[in-house]
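Spelled out from the first residue to the last, the chains are:
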Amino acid sequence: TAHEWTPKQFLQKKVGQNLLIFLVLILPHLFLFLIFHGAYWYFLVYILLGGMILQIFSIHYKYALFEPSIEMRNNSFLIAFLGMGILHPLLLPIIPVLIFLTIRYYFRAKTNLQAYL
């Protein structure tokens, strides 16, 4: 049960599960991209790493703001903005910001989850 986990273990489990689902869903697209556009493999690496970082950020952000019985509707704007920043060439500096926010919200999520786990 969740009550036996530390916040760190809980977050690691959530991140692991979500990254596995993300990779399983994107794997066919990766193979097709490599088959038809193998010369542009570096785009694939960039998008894959950006997507994984965005997944991790989303989980940390969710649990940093988590409160039981409260539906969180306002967190999707920031996640969408950062996701667009990964895809848009003029917003490439968003990647270091995304990494910083991922780390920042990781520590906030650990602190917030201590009350619930």
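Residues numbered from 1 in each chain as written. Predicted model: local features only at pLDDT ≥ 70, side-chain atom pairs only at ≥ 80, totals over all residues. Heavy atoms only, no water.

Here we look at the environment of Asn112
So, point 1. The residue Asn112 is located in helix H4 (residues 94–113) in this model.
So, point 2. Measuring from C-alpha to C-alpha, the distance between Asn112 and Gly51 comes to 25 Å, with 61 residues separating the pair along the chain.
So, point 3. Discounting chain neighbours no more than four positions away, the residues touching Asn112 are Tyr63, Ala64, Leu65 and Phe66.
So, point 4. A polar atom in the side chain of Asn112 sits 3.3 Å from the backbone oxygen of Ala64. (Helix = DSSP H or I, 4+ residues; strand = E, 2+ residues; numbered from the N terminus. Contact = heavy atoms within 4.5 Å. Polar contact = N/O pair within 3.5 Å; in protein donor to acceptor, adjacent residues only side chain to side chain.)

Structural notes on helix H2 (residues 41–64)
So, point 1. With 24 residues, H2 should reach 34 Å at 1.5 Å per residue; the first-to-last C-alpha distance of 35 Å fits that figure.
So, point 2. Where H2 is concerned, the buried positions are Leu44, Leu48, Gly50, Gly51, Leu54, Phe57, Ser58, Ile59, His60, Tyr61, Tyr63 and Ala64.
So, point 3. Residues of H2 that are buried make contact with helix H1 (7–37), helix H3 (76–87) and H4. (Expected span 1.5 Å × (residues − 1). Buried < 20%, exposed > 50% of the residue type's maximum accessible area, 1.4 Å probe, protein only.)

Notes on a nonpolar patch on the surface
So, point 1. On the surface, Leu27, Phe31, Leu32, Leu34, Ile35, Phe36, Tyr40, Trp41, Tyr42, Phe43, Val45 and Leu49 cluster together into a nonpolar patch covering about 1,300 Å² of accessible area.
So, point 2. For the nonpolar patch, the secondary-structure elements that each account for two or more residues are H1 and H2.
So, point 3. Ranked by residues supplied to the nonpolar patch, first place goes to H1 with 6 residues.
So, point 4. With respect to the helices and strands, the residue Leu34 is situated in helix H1.
So, point 5. Residue Leu34 is classed as partly exposed on the basis of its relative accessible area of 39%. (Patch = residues over 30% accessible without salt bridge, like charges linked within 9 Å, V, L, I, M, F, W, Y side chains within 5 Å. Areas by Shrake-Rupley, 256 points an atom, 1.4 Å probe, with all protein chains shown as cover. Salt bridge = Lys/Arg side-chain N within 4 Å of Asp/Glu carboxyl O.)

Details of the packing of H1 against H2
So, point 1. Close contact between H1 and H2 brings their axes to 10 Å; oriented N to C, the two are set at 160°. Taken together, H1 and H2 sit at an angle that is classed as roughly antiparallel. Both H1 and H2 take part in a crossing whose hand is right-handed.
So, point 2. For the contact of H1 with H2, a count of residues per class yields 18 nonpolar, 5 polar and 1 charged. (Axes fitted to C-alpha atoms, helices over the stretch in contact; angles between N-to-C directions. Parallel < 35°, antiparallel > 145°, perpendicular 65-115°, else oblique. Left-handed = near helix turned anticlockwise from the far one by under 90°. Nonpolar A, V, L, I, M, F, W, Y, C, P; charged D, E, K, R; others polar.)

Describing H3
So, point 1. Its 12 residues give H3 an end-to-end C-alpha distance of 17 Å, which sits within 8% of 16 Å, the value for a rise of 1.5 Å per residue.
So, point 2. Those residues of H3 lying buried are Ile79, Leu82, Gly83, Gly85 and Ile86. One face of H3 carries all of its buried residues, which in axial projection span an arc of 155°. Projecting away from the buried face of H3 at angles above 90 degrees are the exposed residues Phe77, Met84 and Leu87.
So, point 3. Structurally, H3 contributes buried residues whose contacts are with H2 and H4. (Arc of directions from axis to C-beta.)

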